[in-house]
Amino acid sequence: MKIIVAIKQVPERDAQVHIDSSGQWIEEANLQYAMNEPDAYALEEALQLKEKAGGEVIVISTGPERVSQTIREALAKGADRAIHVVCDDLAARDALGVARLLAAAIQPESPDLLLTGLQSEDLGLGQTGVIVAELLGLPHASLILQVEIIAKEGSKAQIKARRELEEGWFQSIELPSPAVLTIQSGGNKLRYATLMGIKRAKTKEVRTVHAADLGVSAAPAVALEAITLPKKQKSTQILNGSAEEAAAALVEKLKFEARVL
Amino acid sequence: MRVLVILEERGGHISRTSWEAATAALRLAPMQEITAVVIGAQTELPAAEAAAKAFGKVIRVEHPLLAPYTSDGYCAALHQLIQQEGPTQVVFPHTYQVRDYAPALACRSGQALIGDVIEIADGPVFTRQLMQGRLNGSYRHAGNGPCFVSVQAGAFRAELPDAAAATPIETFTPAIDAAQIRTRPGEPFRGSAQTVDLGSAQWIVSVGRGIREAENLPLVQELATALGAELAASRPICDNGWLPMERQVGSSGQSVAPRLYLAVGISGAIQHLVGMKGSQCIVAINKDPDAPIFEVADYGIVGDLFEVVPALTEAVKAAKQ
Ligand SMILES: Cc1cc2nc3c(=O)[nH]c(=O)nc-3n(C[C@H](O)[C@H](O)[C@H](O)COP(=O)(O)OP(=O)(O)OC[C@H]3O[C@@H](n4cnc5c(N)ncnc54)[C@H](O)[C@@H]3O)c2cc1C
Ligand SMILES: Nc1ncnc2c1ncn2[C@@H]1O[C@H](COP(=O)(O)O)[C@@H](O)[C@H]1O
């Protein structure tokens, strides 16, 4: 099985994000970046499928030069090779624009399976995988936790996936390969890169493709015009002081003001 | 303006989030210019329900191949409807089902969905959350062709005028072929045995990724015990297997409404908030003063949970003596 995993580099979860001077994006200068969490689960699922059924795992990421660090991390965890779609104006593209880049770079590889994360932690669009499926003319299933290959005839496989529904419900869904699955976090246990893996990653192939050479439109259908701080819905009483003082004040409030103790 | 609102059914009725999405559409056009769309293999009942409101009209998109739901079926049917109706906007509730097909449907029209919208201002300018709720982004439709928008649950209060006269109901029969439907969905099933009923708990202490490691959980368990509270968690804690999934609060877990909800090291992502916003009193302990959880908290302590939680446990014990 040839499996491609789309991974996005996003600001680290605990990073302090600040609106930049244009008011249209965040200050990137001192940000630390990491692999989008659902993408790490997608990579893990792909690596486990390969361990069971053989084949190849290729990661693809689009973004500026710094993205190569996240690509190396994926290679260190066990991906076989990578495609870096170099793109410096990612923030100006909408979900369709990014999906067009990915689809154009993926198409010549004709994978049996494409896994993406369900949703990115920075933009949270939750769309890219579904759009790539549409652009490539492939069936898809979203919000997937586990993937199983249930039948194989020649190069065609039947895929069975566990899909999350709302409020603790699930369903299984079957679809023929080639297909696209968007992976929700929590379906498996993430591995760490080993020292050996990190060493090997250095020798693995990373093919770079330039966004401009893919011949896709960069004109967005929706434009992000401004970034602002959210408005508060409630006025929160912040209790100050040392941990002990704040704790004592809170207990007082809960007992005599909110009357919930 | 010609706005289509795609309504979803839940438990035999049009869902609350669908009514909310229709109310959001009123920011785009007056009621007479909004068409309510119901879709499925049998749509008579939801169509009648929609027609009780003063929509311009109701369209029943009906075909035997539209049950059960599949992205292929819904995309094919709604794309044909959009071509016939030529709407300026298409509005959806932001449900798991809509996430599954609306991006592909929008793409078929050369558009990108503006998803999970929480506010619509004149322009129209659509606001959605970025960076896990820490920032908001304002979006404008820039393309030619319909603008596709999905509306976050709870962001608008459902308030629609009732129909004075009978709302016209039309039927639209899409051309769908069984071979177009490539996925085979199974029946929904419950994930795990439900042995704890967080839904009826009066006191809940809920723990998030700020706890760092499973070994640190006893710290919050002690606080829960002192309060006589149930222990709950955000998704990553259950994803890691540190607590069973039945203790997860949020859109993919349980919805709770205790008298006291004490969130420890939880950032307050929308998928978590929808499960606990209805709590009577919300307390947040978080080291980040800008964490979105403080937007819904009544009381907050900004600080290191490893210092605050033990202190609070002692204070609660002292108060209960
Ligand atoms: C379709 C979908 C469904 C989802 N369903 C759910 C759901 O049902 N329930 C759910 O919870 N999530 C759900 N999520 C995930 C959700 O988006 C968030 O990722 C998740 O809620 C984050 O959990 P968290 O707040 O524990 O972790 P984080 O977002 O990582 O937040 C950790 C917080 O801890 C604070 N912190 C760190 N260290 C300390 C310290 N020492 N002292 C004090 N504070 C500290 C940090 O400031 C931060 O605010 C869903 C996501 C998707 C896409
Ligand atoms: N720049 C990118 N490079 C690679 N994959 C991406 C990129 N943007 C989005 N994706 C993939 O699409 C998924 C959903 O992202 P989004 O639609 O932005 O929420 C992510 O989890 C990734 O798997």
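Sequence positions are assigned chain by chain, starting from 1 and proceeding in written order. Numbering of ligands from 1 and lettering of chains from A proceed in the order in which they are written. The predicted origin of the model limits local features to residues at a pLDDT of at least 70 and limits the giving and counting of side-chain atom pairs to 80 or more, whereas totals for whole chains, interfaces and linings rest on all residues. No hydrogens and no water enter the side-chain calculation; it runs on all heavy atoms of the structure.

Engineer: Help me understand the site of ligand 1 in this model?
Structural biologist: Summary of the distance rule: residues count as near a molecule or strand when at least one heavy atom falls within 4 Å of that molecule or strand. Taken together, 33 residues sit near ligand 1, with Ser234(B), Ser252(B), Ser267(B), Gln271(B) and Asn286(B) positioned nearest. At the site occupied by ligand 1, the surrounding residues belong to chains A and B. The definition of a polar contact used here is a pair of N or O atoms within 3.5 Å, where within protein one atom must be able to donate a hydrogen and the other to accept one, and adjacent residues in sequence count solely through side-chain atom pairs. Between an oxygen atom of ligand 1 and a side-chain N or O atom of Asn286(B), the distance comes to 2.7 Å. Here ligand 1, which alone exposes 980 Å², has 93% of that area covered by the protein. Contributing elements (two or more residues each) for the shell around ligand 1: helix H4 (96–108), helix H6 (235–239), helix H7 (270–273) and helix H8 (305–320) of chain B. Computed with a 1.4 Å probe, the accessible areas rest on the Shrake-Rupley method; for each residue, only the protein chains presented here act as cover. The way it works is that DSSP assigns letters per residue, a run of H or I at least four long becomes a helix, a run of E at least two long becomes a strand, and they are numbered from the N terminus.

Engineer: How should I be thinking about the packing of helix H4 (residues 128–136) of chain A against H4(B) in this particular structure?
Structural biologist: In helix packing, the relevant descriptors are the interaxial angle and the interaxial distance, both defined with respect to the helix axes. Where H4(A) meets H4(B), the axes come as close as 8 Å, and the angle between the chain directions of the two elements is 45°. By the angle class used here, H4(A) and H4(B) are oblique. Handedness of the crossing formed by H4(A) with H4(B): right-handed. When H4(A) is examined against H4(B), the residues Val130(A), Ile131(A), Glu134(A) and Leu135(A) are found in contact with a partner set consisting of Arg99(B), Asp100(B), Pro103(B), Ala104(B), Cys107(B) and Arg108(B). Charged residues are taken to be Asp, Glu, Lys and Arg, nonpolar residues to be Ala, Val, Leu, Ile, Met, Phe, Trp, Tyr, Cys and Pro, and polar residues to be all remaining types, Gly included. A breakdown of the residues in the contact of H4(A) with H4(B) according to their chemical character gives six nonpolar, no polar and four charged. Throughout, an axis means a line fitted to C-alpha atoms (over the contacting stretch in the case of helices), and angles, computed between N-to-C directions, take values from 0 to 180 degrees. Throughout, the term roughly parallel applies to angles under 35 degrees, roughly antiparallel to angles over 145, roughly perpendicular to angles from 65 to 115, and oblique to all others. Put simply, a crossing is left-handed when the front helix is turned counterclockwise from the back one by less than a right angle, and right-handed when it is turned clockwise. Should any heavy atoms of two residues lie within 4.5 Å, those residues are considered in contact.

Engineer: How should I be thinking about the interface of chain B and chain A in this particular structure?
Structural biologist: Interfaces are often sized by the accessible area lost when the parts come together. Across the contact, 80 residues belong to chain B and 86 residues belong to chain A. For any pair of parts, buried area is found by adding up, for both, the accessible area (1.4 Å probe) each one loses once the two are put together. Counting each side, the surface lost to burial between chain B and chain A is near 7400 Å², with a carbon and sulfur contribution of 54%. Among the residues of chain B in contact with chain A, Tyr96(B), Met131(B) and Tyr299(B) are the three that bury the most area, contributing 10% of the side total. Each reported salt bridge corresponds to a side-chain nitrogen of Lys or Arg within 4 Å of a carboxyl oxygen of Asp or Glu. Between chain B and chain A we count ten salt bridges in total. Between Arg163(A) and Asp100(B) there is a salt bridge, and its shortest N-O distance comes to 3.8 Å. Summed over the shared surface of chain B and chain A, the number is 40 residue pairs in polar contact (both at pLDDT 80 or more). Of the residues belonging to the side of chain B that touches chain A, the class tally is 35 nonpolar, 23 polar and 22 charged.

Engineer: Whenever I open this one, empty space enclosed by the protein confuses me. Can you help?
Structural biologist: Cavity and pocket criteria rest on a 1 Å grid covering protein atoms alone: a 1.4 Å probe that fits but cannot get out defines a cavity, protein on both sides within 12 Å along at least 5 of 7 lines defines an open pocket, and an atom within 4 Å of a point defines a lining residue. Grid points are joined across faces, edges and corners, and a volume is the space filled by probe spheres set on the points. Scanning the model with the defined rule gives four cavities of 30 Å³ or more in all. Considering only enclosed or pocket space, the largest cavity measures out at about 160 Å³ in volume. As for the largest cavity, its lining consists of 16 residues, and the residues nearest its centre are Gln119(A), Gly124(A), Gln129(B), Gln132(B) and Ile270(B). Those elements that provide at least two residues to the lining of the largest cavity are strand S8 (125–130) and H7 of chain B. A per-element tally of the lining of the largest cavity places S8(B) first, with three residues. Here the lining of the largest cavity is composed, by residue class, of five nonpolar, seven polar and four charged. In this structure, the second largest cavity occupies an estimated 70 Å³ of space. Together, Pro11(A), Glu12(A), Arg13(A), Ala15(A), Val17(A), Glu121(A), Asp122(A), Met131(B), Gln132(B) and Arg134(B) line the second largest cavity. Taken together, the residues of the lining of the second largest cavity break down into four nonpolar, one polar and five charged.

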